[in-house]
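Listed here are the chains, written in short residue letters.
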Amino acid sequence: MIKIFRKILSLIQGHITVFKHSFKKRVTLEYPEVKPVIPERFRGKPDWYGNKCIGCKLCEKVCPAFAVTVDKLNDNINFKIDLSKCILCGNCMYNCPKSAIKLTSDFELATDLKENLIVNKNSKDELYE
Amino acid sequence: MSNIMKINIGPQHPSTHGVLRLITELDGEEIISIEPVVGYLHRGLEKLAENRSYLQYLPMVDRIDYLGGFFTSYAYCNCVEHLLNCVVPKRAEYIRVLCMELNRIASHLLWLGTFMLDLGASSPLFYCFRDREIILSLFEELTGQRMMYNYFVFGGVRFDVTNEWLNKVSDFIVKFPQCISDYEKIITKNPIFTDRTVNKGILSKNVALQYSVTGPNLRASGMDLDFRKSNPYSVYDKLDFVPAVNHLCDSYGRYLVRIAEMKSSVDIVKQVVRYLKENNGDISANIKAINLKVQEGEYTSYVESSRGLLCCYLRADGSGKPYRVKWRTGSYYAVQVLPQIAKNVNYNDLIAIFGSLDVIMPEVDK
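All values reported here derive from a predicted model rather than from experimental measurement.

**Q** Could you give me a rundown of the nonpolar core, with the residues and numbers involved?
**A** Residue and element names in this part refer to chain B. Counting 93 residues, the largest nonpolar core has Y76, L98, L112, Y151, F176 and W327 as the members making the most contacts within it. Broken down by element, this core gets its largest block of residues, 14 residues, from helix α4 (residues 90-118). If we ignore the near neighbours within four places in the chain, the residues touching W327 are E46, Y57, V61, I64, T72, A75, Y76, L310, C311, C312 and K366.

Encoded structure:
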(Lines give C-alpha, C1' and ligand atoms only; values in the text may rest on other atoms or scores of the structure.)
Protein backbone atom coordinates (compact mmCIF):
# COMPACT_ATOMS: atom_id res chain seq x y z
CA MET A 1 0.00 0.00 0.00
CA ILE A 2 2.80 2.40 0.97
CA LYS A 3 4.67 1.36 -2.18
CA ILE A 4 1.75 2.25 -4.41
CA PHE A 5 1.35 5.56 -2.60
CA ARG A 6 5.06 6.33 -3.14
CA LYS A 7 4.79 5.47 -6.82
CA ILE A 8 1.83 7.80 -7.27
CA LEU A 9 3.66 10.52 -5.35
CA SER A 10 6.72 10.28 -7.61
CA LEU A 11 4.51 10.42 -10.69
CA ILE A 12 2.82 13.55 -9.36
CA GLN A 13 6.20 15.11 -8.61
CA GLY A 14 7.34 14.37 -12.18
CA HIS A 15 4.21 15.90 -13.62
CA ILE A 16 4.63 19.03 -11.53
CA THR A 17 8.21 19.41 -12.80
CA VAL A 18 7.07 18.99 -16.40
CA PHE A 19 4.26 21.49 -15.81
CA LYS A 20 6.73 24.06 -14.43
CA HIS A 21 8.89 23.65 -17.51
CA SER A 22 6.01 24.60 -19.77
CA PHE A 23 6.28 28.19 -18.49
CA LYS A 24 9.97 28.53 -19.38
CA LYS A 25 11.23 30.74 -22.18
CA ARG A 26 10.97 29.32 -25.67
CA VAL A 27 14.32 28.14 -27.03
CA THR A 28 13.49 27.28 -30.63
CA LEU A 29 13.65 29.66 -33.60
CA GLU A 30 11.20 29.96 -36.45
CA TYR A 31 14.05 29.30 -38.77
CA PRO A 32 13.59 30.69 -42.27
CA GLU A 33 12.08 33.92 -40.88
CA VAL A 34 14.37 34.25 -37.86
CA LYS A 35 18.03 33.54 -38.49
CA PRO A 36 20.30 32.30 -35.70
CA VAL A 37 23.15 34.45 -34.41
CA ILE A 38 26.33 33.15 -36.01
CA PRO A 39 29.53 33.44 -33.98
CA GLU A 40 32.59 35.13 -35.42
CA ARG A 41 34.65 31.95 -35.76
CA PHE A 42 31.92 29.97 -37.48
CA ARG A 43 33.15 27.85 -40.37
CA GLY A 44 30.71 27.96 -43.26
CA LYS A 45 31.08 28.29 -47.02
CA PRO A 46 34.71 28.99 -47.97
CA ASP A 47 35.50 32.24 -49.73
CA TRP A 48 38.68 33.00 -51.65
CA TYR A 49 40.31 36.41 -52.19
CA GLY A 50 42.26 36.47 -55.44
CA ASN A 51 44.06 39.70 -54.63
CA LYS A 52 45.69 38.15 -51.55
CA CYS A 53 46.50 34.70 -52.91
CA ILE A 54 50.11 34.01 -53.92
CA GLY A 55 49.43 30.55 -55.32
CA CYS A 56 51.61 28.65 -52.83
CA LYS A 57 49.24 25.67 -52.91
CA LEU A 58 49.41 25.09 -49.15
CA CYS A 59 45.61 24.88 -48.97
CA GLU A 60 45.74 22.09 -51.54
CA LYS A 61 48.31 20.30 -49.42
CA VAL A 62 46.49 20.47 -46.07
CA CYS A 63 42.97 19.65 -47.32
CA PRO A 64 41.93 16.28 -45.88
CA ALA A 65 39.23 15.70 -48.49
CA PHE A 66 41.29 16.79 -51.53
CA ALA A 67 38.60 19.34 -52.32
CA VAL A 68 40.84 22.30 -53.19
CA THR A 69 42.76 22.73 -56.45
CA VAL A 70 44.99 25.72 -57.16
CA ASP A 71 46.54 26.31 -60.58
CA LYS A 72 49.06 29.06 -61.13
CA LEU A 73 50.02 30.19 -64.60
CA ASN A 74 52.28 33.25 -64.57
CA ASP A 75 50.28 35.79 -62.52
CA ASN A 76 46.98 34.15 -63.13
CA ILE A 77 45.76 31.96 -60.26
CA ASN A 78 42.80 29.66 -60.65
CA PHE A 79 41.13 28.45 -57.48
CA LYS A 80 38.66 25.59 -57.52
CA ILE A 81 36.86 24.10 -54.56
CA ASP A 82 34.41 21.24 -54.63
CA LEU A 83 31.96 21.93 -51.80
CA SER A 84 30.48 18.45 -52.09
CA LYS A 85 33.84 17.13 -50.90
CA CYS A 86 34.67 19.94 -48.47
CA ILE A 87 34.23 18.98 -44.80
CA LEU A 88 34.48 22.58 -43.54
CA CYS A 89 37.37 21.73 -41.24
CA GLY A 90 39.09 25.06 -41.81
CA ASN A 91 42.56 23.61 -42.36
CA CYS A 92 43.01 25.78 -45.47
CA MET A 93 42.03 28.94 -43.60
CA TYR A 94 44.20 28.22 -40.56
CA ASN A 95 47.28 27.37 -42.64
CA CYS A 96 47.07 30.05 -45.35
CA PRO A 97 50.08 32.38 -44.96
CA LYS A 98 48.25 35.34 -46.57
CA SER A 99 44.72 34.83 -45.17
CA ALA A 100 43.44 34.43 -48.70
CA ILE A 101 40.77 31.91 -47.70
CA LYS A 102 38.07 32.59 -45.19
CA LEU A 103 35.28 30.30 -44.09
CA THR A 104 32.32 32.65 -44.00
CA SER A 105 29.20 32.52 -41.87
CA ASP A 106 27.13 31.27 -44.81
CA PHE A 107 25.72 27.94 -43.68
CA GLU A 108 22.90 27.51 -46.19
CA LEU A 109 24.63 25.33 -48.74
CA ALA A 110 21.73 23.17 -49.89
CA THR A 111 21.23 23.05 -53.63
CA ASP A 112 19.55 20.81 -56.18
CA LEU A 113 22.41 20.83 -58.69
CA LYS A 114 25.84 19.42 -57.99
CA GLU A 115 27.42 21.94 -60.35
CA ASN A 116 26.42 24.74 -57.99
CA LEU A 117 28.71 23.22 -55.38
CA ILE A 118 31.83 23.52 -57.51
CA VAL A 119 33.23 27.00 -57.05
CA ASN A 120 35.68 28.09 -59.71
CA LYS A 121 37.38 31.45 -59.28
CA ASN A 122 40.13 33.27 -61.12
CA SER A 123 42.33 36.07 -59.84
CA LYS A 124 41.72 37.95 -63.09
CA ASP A 125 38.01 38.16 -62.41
CA GLU A 126 37.05 41.74 -61.83
CA LEU A 127 34.97 40.87 -58.81
CA TYR A 128 37.93 39.66 -56.81
CA GLU A 129 40.51 42.25 -57.90
CA MET B 1 6.85 -27.99 -34.57
CA SER B 2 9.32 -25.47 -33.37
CA ASN B 3 8.04 -22.15 -32.14
CA ILE B 4 11.30 -20.34 -32.71
CA MET B 5 11.04 -17.28 -34.88
CA LYS B 6 13.81 -15.19 -36.37
CA ILE B 7 13.36 -11.43 -36.33
CA ASN B 8 15.63 -8.96 -37.97
CA ILE B 9 15.92 -5.65 -36.09
CA GLY B 10 17.51 -2.89 -38.09
CA PRO B 11 19.72 -1.79 -39.78
CA GLN B 12 17.17 0.98 -40.33
CA HIS B 13 15.57 1.11 -36.92
CA PRO B 14 15.12 4.35 -34.96
CA SER B 15 16.07 2.76 -31.65
CA THR B 16 19.35 1.19 -32.68
CA HIS B 17 21.00 4.64 -32.67
CA GLY B 18 22.41 4.31 -36.12
CA VAL B 19 22.73 1.39 -38.44
CA LEU B 20 22.99 -1.68 -36.26
CA ARG B 21 21.40 -4.95 -37.29
CA LEU B 22 20.36 -7.44 -34.65
CA ILE B 23 19.36 -10.93 -35.75
CA THR B 24 17.23 -12.20 -32.89
CA GLU B 25 15.73 -15.61 -32.32
CA LEU B 26 12.49 -15.54 -30.35
CA ASP B 27 10.53 -18.18 -28.56
CA GLY B 28 7.20 -16.46 -28.11
CA GLU B 29 8.29 -13.10 -26.73
CA GLU B 30 11.45 -14.39 -25.07
CA ILE B 31 14.77 -13.77 -26.72
CA ILE B 32 16.87 -16.92 -27.18
CA SER B 33 19.81 -15.47 -29.01
CA ILE B 34 21.00 -12.24 -30.56
CA GLU B 35 23.62 -11.76 -33.19
CA PRO B 36 24.74 -8.18 -33.73
CA VAL B 37 25.86 -7.35 -37.26
CA VAL B 38 28.08 -4.29 -37.42
CA GLY B 39 29.94 -2.55 -40.20
CA TYR B 40 27.21 -0.66 -42.04
CA LEU B 41 28.85 2.63 -41.14
CA HIS B 42 32.43 1.63 -41.85
CA ARG B 43 34.34 4.53 -43.36
CA GLY B 44 37.86 3.13 -43.16
CA LEU B 45 39.09 5.84 -40.83
CA GLU B 46 42.19 3.82 -39.90
CA LYS B 47 43.18 3.21 -43.50
CA LEU B 48 42.50 6.84 -44.50
CA ALA B 49 45.32 7.93 -42.20
CA GLU B 50 47.88 6.03 -44.25
CA ASN B 51 47.67 8.23 -47.33
CA ARG B 52 47.29 11.55 -45.57
CA SER B 53 49.73 13.72 -43.70
CA TYR B 54 49.47 14.11 -39.92
CA LEU B 55 47.77 17.47 -40.31
CA GLN B 56 45.36 16.23 -42.98
CA TYR B 57 44.20 13.42 -40.72
CA LEU B 58 43.56 15.74 -37.76
CA PRO B 59 40.03 16.96 -38.76
CA MET B 60 38.98 13.39 -39.53
CA VAL B 61 39.41 12.01 -36.04
CA ASP B 62 36.52 14.18 -34.82
CA ARG B 63 34.25 12.03 -36.99
CA ILE B 64 35.06 8.78 -35.22
CA ASP B 65 32.76 9.68 -32.37
CA TYR B 66 30.57 12.58 -33.32
CA LEU B 67 29.34 13.08 -29.77
CA GLY B 68 32.82 13.19 -28.30
CA GLY B 69 35.04 14.78 -30.90
CA PHE B 70 37.35 16.26 -28.30
CA PHE B 71 38.24 12.86 -26.85
CA THR B 72 39.38 11.41 -30.17
CA SER B 73 41.19 14.62 -31.06
CA TYR B 74 43.00 14.53 -27.75
CA ALA B 75 44.01 10.89 -28.14
CA TYR B 76 45.48 11.49 -31.59
CA CYS B 77 47.21 14.76 -30.67
CA ASN B 78 48.65 13.12 -27.56
CA CYS B 79 50.21 10.33 -29.66
CA VAL B 80 51.83 12.77 -32.08
CA GLU B 81 53.04 15.04 -29.27
CA HIS B 82 54.57 12.10 -27.46
CA LEU B 83 56.44 10.97 -30.55
CA LEU B 84 57.66 14.54 -31.14
CA ASN B 85 58.77 14.83 -27.48
CA CYS B 86 56.88 18.09 -27.22
CA VAL B 87 55.67 19.58 -23.96
CA VAL B 88 52.17 21.00 -24.08
CA PRO B 89 51.75 24.29 -22.14
CA LYS B 90 49.76 23.96 -18.97
CA ARG B 91 47.08 26.42 -19.98
CA ALA B 92 46.45 24.43 -23.16
CA GLU B 93 46.07 21.24 -21.14
CA TYR B 94 43.53 22.91 -18.88
CA ILE B 95 41.57 24.21 -21.88
CA ARG B 96 41.60 20.69 -23.31
CA VAL B 97 40.26 19.23 -20.07
CA LEU B 98 37.56 21.90 -19.96
CA CYS B 99 36.46 21.04 -23.49
CA MET B 100 36.53 17.31 -22.82
CA GLU B 101 34.45 17.55 -19.66
CA LEU B 102 31.85 19.79 -21.29
CA ASN B 103 31.81 17.30 -24.14
CA ARG B 104 31.19 14.48 -21.67
CA ILE B 105 28.20 16.35 -20.24
CA ALA B 106 26.82 17.00 -23.74
CA SER B 107 27.30 13.37 -24.71
CA HIS B 108 25.59 12.04 -21.59
CA LEU B 109 22.74 14.51 -22.08
CA LEU B 110 22.09 13.17 -25.54
CA TRP B 111 22.27 9.63 -24.20
CA LEU B 112 19.78 10.46 -21.46
CA GLY B 113 17.33 12.02 -23.90
CA THR B 114 17.44 9.19 -26.42
CA PHE B 115 17.39 6.50 -23.73
CA MET B 116 14.23 8.00 -22.29
CA LEU B 117 12.75 8.19 -25.78
CA ASP B 118 13.50 4.47 -26.21
CA LEU B 119 11.43 3.90 -23.08
CA GLY B 120 8.62 6.08 -24.37
CA ALA B 121 9.16 9.30 -22.42
CA SER B 122 9.40 12.31 -24.67
CA SER B 123 9.65 15.29 -22.30
CA PRO B 124 13.22 14.54 -21.05
CA LEU B 125 14.43 14.44 -24.66
CA PHE B 126 13.45 18.07 -25.16
CA TYR B 127 14.91 19.19 -21.84
CA CYS B 128 18.19 17.36 -22.53
CA PHE B 129 18.51 18.80 -26.01
CA ARG B 130 17.69 22.27 -24.70
CA ASP B 131 20.50 22.11 -22.15
CA ARG B 132 22.90 20.41 -24.56
CA GLU B 133 22.27 23.26 -26.97
CA ILE B 134 23.91 25.68 -24.51
CA ILE B 135 27.09 23.59 -24.49
CA LEU B 136 27.07 23.29 -28.27
CA SER B 137 26.70 27.07 -28.63
CA LEU B 138 29.67 27.51 -26.31
CA PHE B 139 31.69 25.13 -28.48
CA GLU B 140 30.53 26.91 -31.61
CA GLU B 141 31.74 30.20 -30.23
CA LEU B 142 35.09 28.78 -29.19
CA THR B 143 35.95 26.42 -32.04
CA GLY B 144 33.78 27.48 -34.96
CA GLN B 145 31.64 24.39 -35.16
CA ARG B 146 29.14 22.50 -33.09
CA MET B 147 30.35 18.96 -33.52
CA MET B 148 33.41 18.62 -35.79
CA TYR B 149 35.66 20.95 -33.88
CA ASN B 150 39.19 20.63 -35.32
CA TYR B 151 40.24 22.68 -32.30
CA PHE B 152 43.11 20.73 -30.73
CA VAL B 153 46.38 21.07 -32.62
CA PHE B 154 49.69 19.34 -32.12
CA GLY B 155 51.17 21.01 -29.07
CA GLY B 156 48.14 22.81 -27.74
CA VAL B 157 44.89 24.35 -28.85
CA ARG B 158 44.05 26.66 -31.72
CA PHE B 159 42.49 29.65 -29.94
CA ASP B 160 42.74 30.97 -26.44
CA VAL B 161 39.63 31.18 -24.31
CA THR B 162 38.44 34.66 -23.38
CA ASN B 163 37.24 35.72 -19.97
CA GLU B 164 33.86 36.47 -21.49
CA TRP B 165 33.58 32.89 -22.74
CA LEU B 166 34.67 31.53 -19.36
CA ASN B 167 31.96 33.61 -17.69
CA LYS B 168 29.40 32.01 -19.97
CA VAL B 169 30.72 28.57 -18.97
CA SER B 170 30.48 29.54 -15.29
CA ASP B 171 26.89 30.71 -15.81
CA PHE B 172 26.02 27.38 -17.38
CA ILE B 173 27.76 25.41 -14.64
CA VAL B 174 25.86 27.31 -11.96
CA LYS B 175 22.52 26.59 -13.61
CA PHE B 176 23.20 23.02 -14.70
CA PRO B 177 22.89 21.17 -11.34
CA GLN B 178 19.30 22.46 -11.18
CA CYS B 179 18.69 20.88 -14.60
CA ILE B 180 20.08 17.54 -13.39
CA SER B 181 17.83 17.63 -10.34
CA ASP B 182 14.88 18.31 -12.65
CA TYR B 183 15.73 15.22 -14.73
CA GLU B 184 16.02 13.21 -11.55
CA LYS B 185 12.66 14.45 -10.32
CA ILE B 186 11.02 13.29 -13.53
CA ILE B 187 12.95 10.06 -14.07
CA THR B 188 14.72 8.51 -11.08
CA LYS B 189 11.74 7.41 -9.02
CA ASN B 190 9.24 7.17 -11.83
CA PRO B 191 7.58 3.74 -11.49
CA ILE B 192 7.27 3.29 -15.26
CA PHE B 193 10.99 3.89 -15.62
CA THR B 194 12.06 1.73 -12.68
CA ASP B 195 9.82 -1.16 -13.78
CA ARG B 196 11.60 -1.27 -17.10
CA THR B 197 15.16 -0.81 -15.86
CA VAL B 198 15.60 -2.28 -12.36
CA ASN B 199 16.98 -5.83 -12.60
CA LYS B 200 16.87 -5.66 -16.39
CA GLY B 201 19.96 -6.28 -18.51
CA ILE B 202 22.22 -7.45 -15.73
CA LEU B 203 25.88 -7.10 -16.64
CA SER B 204 27.92 -8.73 -13.92
CA LYS B 205 31.45 -7.60 -13.16
CA ASN B 206 32.96 -10.84 -14.48
CA VAL B 207 31.15 -10.73 -17.81
CA ALA B 208 32.01 -7.05 -18.19
CA LEU B 209 35.68 -7.78 -17.64
CA GLN B 210 35.66 -10.80 -19.95
CA TYR B 211 34.21 -8.68 -22.75
CA SER B 212 36.49 -5.73 -21.87
CA VAL B 213 33.56 -3.39 -21.39
CA THR B 214 34.82 -0.07 -20.01
CA GLY B 215 33.57 3.33 -19.00
CA PRO B 216 30.25 3.98 -17.26
CA ASN B 217 28.98 0.49 -18.18
CA LEU B 218 31.81 -1.14 -16.24
CA ARG B 219 31.55 1.29 -13.36
CA ALA B 220 27.86 0.45 -13.07
CA SER B 221 28.94 -3.17 -12.54
CA GLY B 222 30.85 -2.25 -9.42
CA MET B 223 34.36 -1.99 -10.85
CA ASP B 224 36.11 1.23 -9.97
CA LEU B 225 38.11 1.76 -13.16
CA ASP B 226 38.34 5.32 -14.35
CA PHE B 227 41.39 6.16 -16.44
CA ARG B 228 41.25 9.73 -15.24
CA LYS B 229 42.03 8.41 -11.75
CA SER B 230 43.96 5.20 -12.34
CA ASN B 231 46.28 6.42 -15.14
CA PRO B 232 45.92 10.19 -15.00
CA TYR B 233 46.61 11.86 -18.33
CA SER B 234 46.67 15.58 -19.07
CA VAL B 235 46.11 17.48 -15.80
CA TYR B 236 43.59 15.14 -14.21
CA ASP B 237 45.99 14.34 -11.37
CA LYS B 238 45.73 17.97 -10.22
CA LEU B 239 41.96 17.97 -10.19
CA ASP B 240 39.74 16.82 -7.40
CA PHE B 241 36.80 14.62 -8.36
CA VAL B 242 35.15 11.35 -7.43
CA PRO B 243 34.45 8.81 -10.20
CA ALA B 244 30.92 7.46 -10.11
CA VAL B 245 30.68 3.77 -9.18
CA ASN B 246 27.59 1.68 -8.66
CA HIS B 247 27.00 -1.97 -7.74
CA LEU B 248 23.53 -2.42 -9.20
CA CYS B 249 24.79 -3.98 -12.48
CA ASP B 250 21.49 -3.29 -14.28
CA SER B 251 20.14 -0.66 -16.67
CA TYR B 252 19.09 1.46 -13.70
CA GLY B 253 22.64 1.39 -12.33
CA ARG B 254 24.02 2.55 -15.64
CA TYR B 255 21.56 5.44 -15.60
CA LEU B 256 22.62 6.43 -12.06
CA VAL B 257 26.32 6.27 -12.96
CA ARG B 258 25.89 8.59 -15.92
CA ILE B 259 23.89 11.08 -13.87
CA ALA B 260 26.60 11.02 -11.18
CA GLU B 261 29.27 11.39 -13.85
CA MET B 262 27.66 14.57 -15.14
CA LYS B 263 27.80 15.95 -11.59
CA SER B 264 31.49 15.08 -11.23
CA SER B 265 32.17 16.70 -14.62
CA VAL B 266 30.54 19.86 -13.29
CA ASP B 267 33.00 19.79 -10.35
CA ILE B 268 35.95 19.42 -12.72
CA VAL B 269 34.75 22.25 -14.96
CA LYS B 270 34.42 24.54 -11.94
CA GLN B 271 38.04 23.90 -10.91
CA VAL B 272 39.34 24.33 -14.45
CA VAL B 273 37.48 27.59 -15.01
CA ARG B 274 38.92 28.93 -11.75
CA TYR B 275 42.44 28.00 -12.87
CA LEU B 276 42.02 29.53 -16.32
CA LYS B 277 40.72 32.80 -14.88
CA GLU B 278 43.68 33.12 -12.51
CA ASN B 279 46.53 31.95 -14.75
CA ASN B 280 47.72 33.14 -18.10
CA GLY B 281 50.22 31.55 -20.42
CA ASP B 282 50.92 30.03 -23.81
CA ILE B 283 48.26 27.98 -25.47
CA SER B 284 50.41 26.16 -27.99
CA ALA B 285 53.94 24.80 -28.31
CA ASN B 286 54.04 26.26 -31.85
CA ILE B 287 54.78 23.10 -33.77
CA LYS B 288 54.91 23.63 -37.52
CA ALA B 289 52.25 21.21 -38.55
CA ILE B 290 52.67 21.58 -42.31
CA ASN B 291 55.27 19.09 -43.61
CA LEU B 292 55.45 17.60 -40.13
CA LYS B 293 57.75 14.60 -39.97
CA VAL B 294 57.50 12.34 -36.95
CA GLN B 295 60.45 10.24 -35.88
CA GLU B 296 60.21 6.47 -35.97
CA GLY B 297 58.37 4.97 -33.03
CA GLU B 298 55.04 3.91 -31.67
CA TYR B 299 52.78 5.11 -28.92
CA THR B 300 49.35 4.34 -27.52
CA SER B 301 47.35 6.99 -25.73
CA TYR B 302 44.52 6.20 -23.36
CA VAL B 303 41.57 8.51 -22.84
CA GLU B 304 38.51 7.98 -20.68
CA SER B 305 35.83 9.01 -23.13
CA SER B 306 32.12 9.27 -22.40
CA ARG B 307 31.58 5.74 -23.72
CA GLY B 308 34.55 3.98 -22.20
CA LEU B 309 38.23 3.61 -22.78
CA LEU B 310 39.45 5.18 -25.99
CA CYS B 311 42.87 4.16 -27.27
CA CYS B 312 44.77 5.51 -30.20
CA TYR B 313 47.76 3.51 -31.38
CA LEU B 314 50.06 5.36 -33.72
CA ARG B 315 53.10 3.99 -35.48
CA ALA B 316 55.35 6.45 -37.26
CA ASP B 317 58.06 5.50 -39.73
CA GLY B 318 59.86 8.83 -40.01
CA SER B 319 57.91 10.02 -43.05
CA GLY B 320 55.22 12.67 -43.26
CA LYS B 321 52.39 10.16 -43.01
CA PRO B 322 51.36 7.81 -40.20
CA TYR B 323 52.40 4.23 -40.89
CA ARG B 324 49.49 2.78 -38.94
CA VAL B 325 46.70 4.20 -36.80
CA LYS B 326 44.50 1.93 -34.72
CA TRP B 327 41.50 3.00 -32.67
CA ARG B 328 39.94 1.18 -29.75
CA THR B 329 36.57 2.57 -28.85
CA GLY B 330 34.24 1.77 -25.97
CA SER B 331 31.02 1.24 -27.93
CA TYR B 332 32.37 -1.70 -29.92
CA TYR B 333 32.68 -3.78 -26.77
CA ALA B 334 29.30 -2.67 -25.48
CA VAL B 335 27.68 -4.08 -28.64
CA GLN B 336 29.54 -7.38 -28.28
CA VAL B 337 28.25 -7.88 -24.74
CA LEU B 338 24.60 -7.39 -25.74
CA PRO B 339 23.94 -11.11 -26.61
CA GLN B 340 25.08 -12.02 -23.10
CA ILE B 341 23.02 -9.54 -21.13
CA ALA B 342 19.87 -9.65 -23.26
CA LYS B 343 19.53 -13.43 -23.16
CA ASN B 344 16.18 -14.83 -21.96
CA VAL B 345 14.64 -11.39 -21.56
CA ASN B 346 11.39 -10.16 -22.98
CA TYR B 347 11.55 -8.74 -26.49
CA ASN B 348 10.13 -5.43 -25.20
CA ASP B 349 13.11 -4.96 -22.93
CA LEU B 350 15.74 -5.43 -25.63
CA ILE B 351 15.70 -1.82 -26.79
CA ALA B 352 15.65 -0.56 -23.20
CA ILE B 353 18.73 -2.66 -22.39
CA PHE B 354 20.50 -1.68 -25.58
CA GLY B 355 19.73 1.98 -24.97
CA SER B 356 21.26 1.81 -21.51
CA LEU B 357 24.63 0.73 -22.97
CA ASP B 358 25.07 4.07 -24.78
CA VAL B 359 26.25 2.79 -28.13
CA ILE B 360 27.13 5.17 -30.95
CA MET B 361 27.41 3.37 -34.26
CA PRO B 362 30.11 5.45 -36.02
CA GLU B 363 32.32 4.65 -33.08
CA VAL B 364 31.66 0.94 -33.47
CA ASP B 365 32.31 0.73 -37.20
CA LYS B 366 34.90 3.50 -37.52
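After that view of the structure, there is still more to cover.
**Q** Quick rundown of the sheet that holds strand β8 (residues 322-328) of chain B? Include the residues and the values.
**A** Strand-to-strand pairing in sheets goes through backbone hydrogen bonds, with the strands running parallel or antiparallel. Residues and elements named next belong to chain B. Taken together, the 3 strands give an open sheet; going across it, the order is β6-β7-β8, and neighbouring strands pair in antiparallel fashion. If you trace the sheet from one side to the other, it starts and ends with β6 (297-305) and β8, each paired once. Sheet twist, expressed as the average angle between the axes of neighbouring strands with direction ignored, equals 15°. The sheet contacts of helix α3 (residues 69-84) involve β6, β7 (308-316) and β8, and relative to β6 the element is tilted by about 150°.

**Q** An account of helix α1 (residues 2-21) of chain A is needed here, citing residue identities and associated values.
**A** Residues and elements named next belong to chain A. Helix length check: α1 (20 residues) gives 29 Å between terminal C-alpha atoms against 28 Å at 1.5 Å per residue, within 8%. Buried residues of α1: S10, G14, T17 and H21, and no others. For α1, the arc enclosing every buried residue in end-on projection is 60°, short of the 170-degree limit, so these residues lie on one face. Exposed residues on α1 whose side chains face more than 90 degrees from its buried face are I4, F5, H15, F19 and K20.

**Q** Report on a nonpolar patch on the surface, specifying residues and quantitative values.
**A** Together, I4, I8, I12 and I16 of chain A make up a nonpolar patch on the protein surface, roughly 360 Å² of accessible area in all. Turning to its location among the elements, I12 of chain A is positioned in helix α1.

**Q** How would you sum up the packing of aromatic side chains? Please name residues and give values.
**A** Considering all chains together, one arrives at 26 aromatic pairs over all chains under this definition. Centre to centre, the rings of Y332 of chain B and Y333 of chain B are 5.5 Å apart; their planes meet at 85°, and the pair counts as edge-to-face. Members of the aromatic cluster, each reached through a chain of ring pairs, are Y94 of chain A together with F70, F139, Y149, Y151, F152 and F159 of chain B. A cation over an aromatic ring shows up here: R41 of chain A above the ring of F159 of chain B, its NZ or CZ 4.1 Å from the ring centre. The ring of F152 of chain B carries R96 of chain B above its face, with NZ or CZ at 5.3 Å from the centroid.

**Q** Please set out the pairing of strand β3 (residues 30-37) of chain B residue by residue, giving values where relevant.
**A** Residues and elements named next belong to chain B. Bridge count between strand β2 (residues 21-27) and β3: 7 bridges; the pairing is antiparallel. Note that in β3 the partner of R21 across the bridge is V37. Where β2 folds back onto β3 in an antiparallel hairpin, the turn is made up of 2 residues, including G28, whose phi is positive at roughly 70°.

**Q** Please provide a residue-by-residue account of the confidence of the model for chain B, values included.
**A** Mean pLDDT over chain B works out to 88, with 99% of the residues at or above the 70 mark. Looking across chain B, the model is least confident in helix α7 (residues 191-197) of chain B, with a mean pLDDT of 85, and most confident in β8 of chain B, with 91.

**Q** Outline the interface of chain B and chain A, listing residues and values.
**A** Between chain B and chain A, the contact holds 32 residues from the first and 26 residues from the second. The junction of chain B with chain A conceals about 2700 Å² of combined surface from both sides, 55% of it contributed by carbon and sulfur atoms. Linking chain B to chain A there are 0 salt bridges. Inspection of the chain B/chain A interface yields 18 residue pairs in polar contact (both at pLDDT 80 or more). Mapped onto the side of chain B that touches chain A, the elements with two or more residues apiece are α2 (54-57), α5 (123-143), α6 (163-187) and α7 of chain B.

Conventions used here
- Residues numbered from 1 in each chain as written.
- Chains lettered and ligands numbered in written order.
- Predicted model: local features only at pLDDT ≥ 70, side-chain atom pairs only at ≥ 80, totals over all residues.
- Heavy atoms only, no water.
- Core = buried A, V, L, I, M, F, W, Y, C linked by side-chain atoms within 4.5 Å.
- Buried < 20%, exposed > 50% of the residue type's maximum accessible area, 1.4 Å probe, protein only.
- Helix = DSSP H or I, 4+ residues; strand = E, 2+ residues; numbered from the N terminus.
- Contact = heavy atoms within 4.5 Å.
- Pairing = 2+ DSSP bridges.
- Axes fitted to C-alpha atoms, helices over the stretch in contact; angles between N-to-C directions.
- Expected span 1.5 Å × (residues − 1).
- Arc of directions from axis to C-beta.
- Patch = residues over 30% accessible without salt bridge, like charges linked within 9 Å, V, L, I, M, F, W, Y side chains within 5 Å.
- Areas by Shrake-Rupley, 256 points an atom, 1.4 Å probe, with all protein chains shown as cover.
- Salt bridge = Lys/Arg side-chain N within 4 Å of Asp/Glu carboxyl O.
- Phe/Tyr/Trp six-rings, centres within 6.5 Å; stacked < 30°, edge-to-face > 60°.
- Lys NZ or Arg CZ within 6 Å of the ring centre and 35° of its normal.
- pLDDT = per-residue confidence, 0-100.
- Buried area = accessible area lost by both parts, 1.4 Å probe.
- Polar contact = N/O pair within 3.5 Å; in protein donor to acceptor, adjacent residues only side chain to side chain.

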